[in-house]
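# Understanding the architecture of this molecule
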Amino acid sequence: MTIRVVARIIALPDKVEALKAVLLELIEPTRQEYGCIKYELLQNQSDPTDFTFVEEWASNHALDAHLASTHIEKAVAQLDGLVAAEPDIRRYHLLK
């Protein structure tokens, strides 16, 4: 059974473009990782400060490896001063 992730990240109102640039840099290296099935970045149409990653991973092990990757560590180090709150990262199983 695959692991689904919904990760919501809220930018400070004056830092939307800076945060978007950081998040966009994650897409290509992550899509090349072992166990990555889907990795999409969404931006809320009615609230541009609201970014959401929708992800699917082959296993918890693959997801844990992603979270420990150098590109994620680099991005997390850049979040200070860009985000309104800690990222909300939730893991799910598809029921049907």
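Residues numbered from 1 in each chain as written. Predicted model: local features only at pLDDT ≥ 70, side-chain atom pairs only at ≥ 80, totals over all residues. Heavy atoms only, no water.

As a further point, take the overall build of the protein. Looking only at helices and strands, the protein features three helices and four strands. Ordering the α and β elements of the protein from the N terminus gives β-α-β-β-α-α-β. Taking 96 residues into account, the globule formula puts the C-alpha radius of gyration at 12 Å, and the protein, at 13 Å, falls close to it. If you line up the protein on its principal axes, its C-alpha atoms span 40 × 30 × 20 Å. Within the protein, the proportion of its 96 residues that are buried is 36%. Counting contacts in the protein only where the partners sit at least 6 residues apart, residues at least 24 apart contribute 69% of the total. Within the protein, one finds 10 positive and 15 negative side-chain charges whose respective centroids are separated by 6 Å. (Helix = DSSP H or I, 4+ residues; strand = E, 2+ residues; numbered from the N terminus. Rg over C-alpha atoms; globule rule 2.2 N^0.38 Å. Buried < 20%, exposed > 50% of the residue type's maximum accessible area, 1.4 Å probe, protein only. Contact = heavy atoms within 4.5 Å. Lys, Arg positive; Asp, Glu negative; His and termini not counted. Charge placed at Lys NZ, Arg CZ, Asp CG, Glu CD.)

On to the environment of E17. In this fold, E17 is placed in helix α1 (residues 16-31). You can call E17 exposed: its relative accessible area is 55%. For the pair formed by E17 and P48, sequence separation is 31 residues and the distance between their alpha carbons is 9.4 Å.

Under the definition given, this model contains two aromatic pairs. When the centroid spacing of 6.5 Å and the interplanar angle of 75° are considered together, the rings of Y39 and W57 count as edge-to-face. Of the two residues, Y39 sits in strand β2 (residues 36-43) while W57 sits in strand β3 (residues 50-57), which places them 18 residues apart along the sequence. When its relative accessible area of 3% is taken as the criterion, Y39 is described as buried. Site record: aromatic cluster; members linked through ring pairs are Y39, F53 and W57. (Phe/Tyr/Trp six-rings, centres within 6.5 Å; stacked < 30°, edge-to-face > 60°.)

Right, let's talk about the nonpolar core for a bit. If you look at the biggest cluster of nonpolar residues, it comprises 24 residues, and the most contacted ones within it are L19, L23, L26, Y39, F51, F53 and W57. Elements supplying a minimum of two residues to this core: β1 (3-10), α1, β2, β3, α2 (60-67) and α3 (70-78). Of the residues forming this core, the biggest block, six residues, is contributed by α1. Beyond its immediate stretch of four places on either side in the chain, L26 contacts Y39, F53, H71, I72 and A75. (Core = buried A, V, L, I, M, F, W, Y, C linked by side-chain atoms within 4.5 Å.)

Treat this as a map of the structure, not an account of what it does.
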